[in-house]
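# Remarks on the overall topology
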Amino acid sequence: MTKVLLRVRYRTCLLHAITCFVLASMFYSCATTKSITYFQGQGATDTARYATLATLIPPVSRIQPNDVLAIIVTSLSDESNALFNILNTSSVPLATYGSGTGNQPLGYLVDPAGNVEMPLVGKVKLSGLTLEEAGVFMNEKLSKYLKEPTVNVRHLNHKFTVIGEVTRPGVYNLLDNHRTLPEVIGIAGDLTVFGRRDNVMILRTTADKREIIKVDLTNRQVLDTPYYFIQNNDVVYVESRPGKVTQTDRTIQLLPIFVSITSAVIVIVNILVR
């Protein structure tokens with residue numbers, strides 16, 4: 001009888017050990033609070049203190065060939081305004097999800113030589129100018145034909161892409177030079193719990209050079225880097241944690257059932273022992 005009890009107790013201990021191992025495996029890949037907290041400091045108490053960050057100046061965006069511009073002209077003549085703004089009357093989507101095709105915005109296309117074709121003034125070279133400089137330049141040109149004109153120039157085809165472990169991956173319009181990486185993450189609906197915040201990749205193309213930059217969103221030093229501001233055609237990729245693959249595995253999906261069966265067996269064995 002003593003040997004039987006020892007065997008039963010041995011099996012009970014074994015089942016307890018298996019259950020503990022299964023539960024530990026389930027929670028091993030779970031994200032900790034530290035791994036999903038943005039912009040942490042260097043020390044444990046540093047995150048609770050006020051920090052002064054260096055002032056960053058957004059990059060200056062200059063007009064390039066193949067840009068599509070909205071050139072909005074206002075003057076005292078409604079007829080003239082309608083003539084110049086006919087290409088700006090279509091709505092511009094603020095964001096497109098999924099494939100990111102959306103509607104092609106109308107506007108003034110900058111040709112390969114850097115010129116745009118404007119009513120009355122003809123071809124005007126705008127490449128190399130900032131948006132503000134282009135507005136002042138067009139204002140001077142149109143002053144010969146319009147009374148008290150005001151010109152506002154904006155990009156229509158500048159965009160950025162967010163893919164990977166975010167809530168809403170897609171292609172989004174970049175409306176100005178002040179869009180920051182945290183804003184981009186917010187526009188995409190934030191990272192999922194499976195997104196690696198310590199290894200976000202930015203793919204950037206400038207002129208004939210391509211860069212691949214990895215930034216750590218859990219460290220506040222990213223706020224002081226040149227990659228804090230998003231530029232035209234940037235691609236932000238959020239890598240998945242190993243836990244994402246683990247959770248989608250069929251074996252892991254069946255673990256709760258296995259744990260339930262194991263627990264039931266333990267209860268039955270304990271009743272028989274008594």
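These lines cover the structure that appears in this document, whether it is placed above or below. These figures come from a predicted structure and were not determined experimentally. (Residues numbered from 1 in each chain as written. Predicted model: local features only at pLDDT ≥ 70, side-chain atom pairs only at ≥ 80, totals over all residues. Heavy atoms only, no water.)

### What to know about the sheet that holds strand β3 (residues 108-109)
Spatially, the three strands line up as an open sheet ordered β3-β1-β6, and their pairing is antiparallel. The outermost strands of the open sheet, each flanked by one partner alone, are β3 and β6 (150-155). Judged from the six bridges that link them, strand β1 (residues 68-74) and β6 form a sheet pairing that is antiparallel. Counterpart to L69 in the pairing with β6 is H155. Against the sheet, helix α4 (residues 131-142) engages β1 and β6, with an angle of about 145 degrees to β6. (Pairing = 2+ DSSP bridges. Helix = DSSP H or I, 4+ residues; strand = E, 2+ residues; numbered from the N terminus. Contact = heavy atoms within 4.5 Å. Axes fitted to C-alpha atoms, helices over the stretch in contact; angles between N-to-C directions.)

### So, the pattern of salt bridges
With the rule as written, the count across this model stands at four salt bridges. One salt-bridge network, held together by shared partners, links R196, D198 and E239. (Salt bridge = Lys/Arg side-chain N within 4 Å of Asp/Glu carboxyl O.)

### So, the side chain of N85
Checked against the element boundaries, N85 lands in the loop between α3 (78-84) and β2 (95-97). Within polar-contact distance, the side chain of N85 engages the backbone oxygen of V73 at 2.7 Å. With residues up to four places along the chain from it excluded, the contact list for N85 reads I71, I72 and V73. (Polar contact = N/O pair within 3.5 Å; in protein donor to acceptor, adjacent residues only side chain to side chain.)

### With respect to the packing of aromatic side chains
One pass over the structure, following the stated rule, counts two aromatic pairs. When the centroid spacing of 5.6 Å and the interplanar angle of 15 degrees are considered together, the rings of F160 and Y172 count as stacked. Taken as a pair, F160 in strand β7 (residues 159-164) and Y172 in strand β8 (residues 170-173) lie far apart in primary sequence, 12 residues in all. As far as the burial class goes, F160 and Y172 line up, both buried. (Phe/Tyr/Trp six-rings, centres within 6.5 Å; stacked < 30°, edge-to-face > 60°. Buried < 20%, exposed > 50% of the residue type's maximum accessible area, 1.4 Å probe, protein only.)

### Digging into α4
With 12 residues, α4 extends 16 Å from end C-alpha to end C-alpha; this agrees with the ideal 16 Å at 1.5 Å per step. Among the residues making up α4, those that are buried are L131, A134, G135, M138 and L142. The arc that holds every buried residue of α4, seen down its axis, measures 100 degrees, which confines them to one face. Summarising the geometry of α4, the exposed residues directed more than 90 degrees from the buried face are E132 and E140. Contact partners of the buried residues in α4: β1, α3, β4 (115-118), β5 (122-125) and β6. (Expected span 1.5 Å × (residues − 1). Arc of directions from axis to C-beta.)

### What to know about unusual backbone geometry
Its identity as a non-glycine residue notwithstanding, E148 has a phi of 55 degrees, on the positive side. Within the secondary structure layout, E148 lies in the loop between α4 and β6. E148 gets classed as exposed once you look at its relative accessible area, which sits at 60%.

That's the geometry; what it means functionally is another story.
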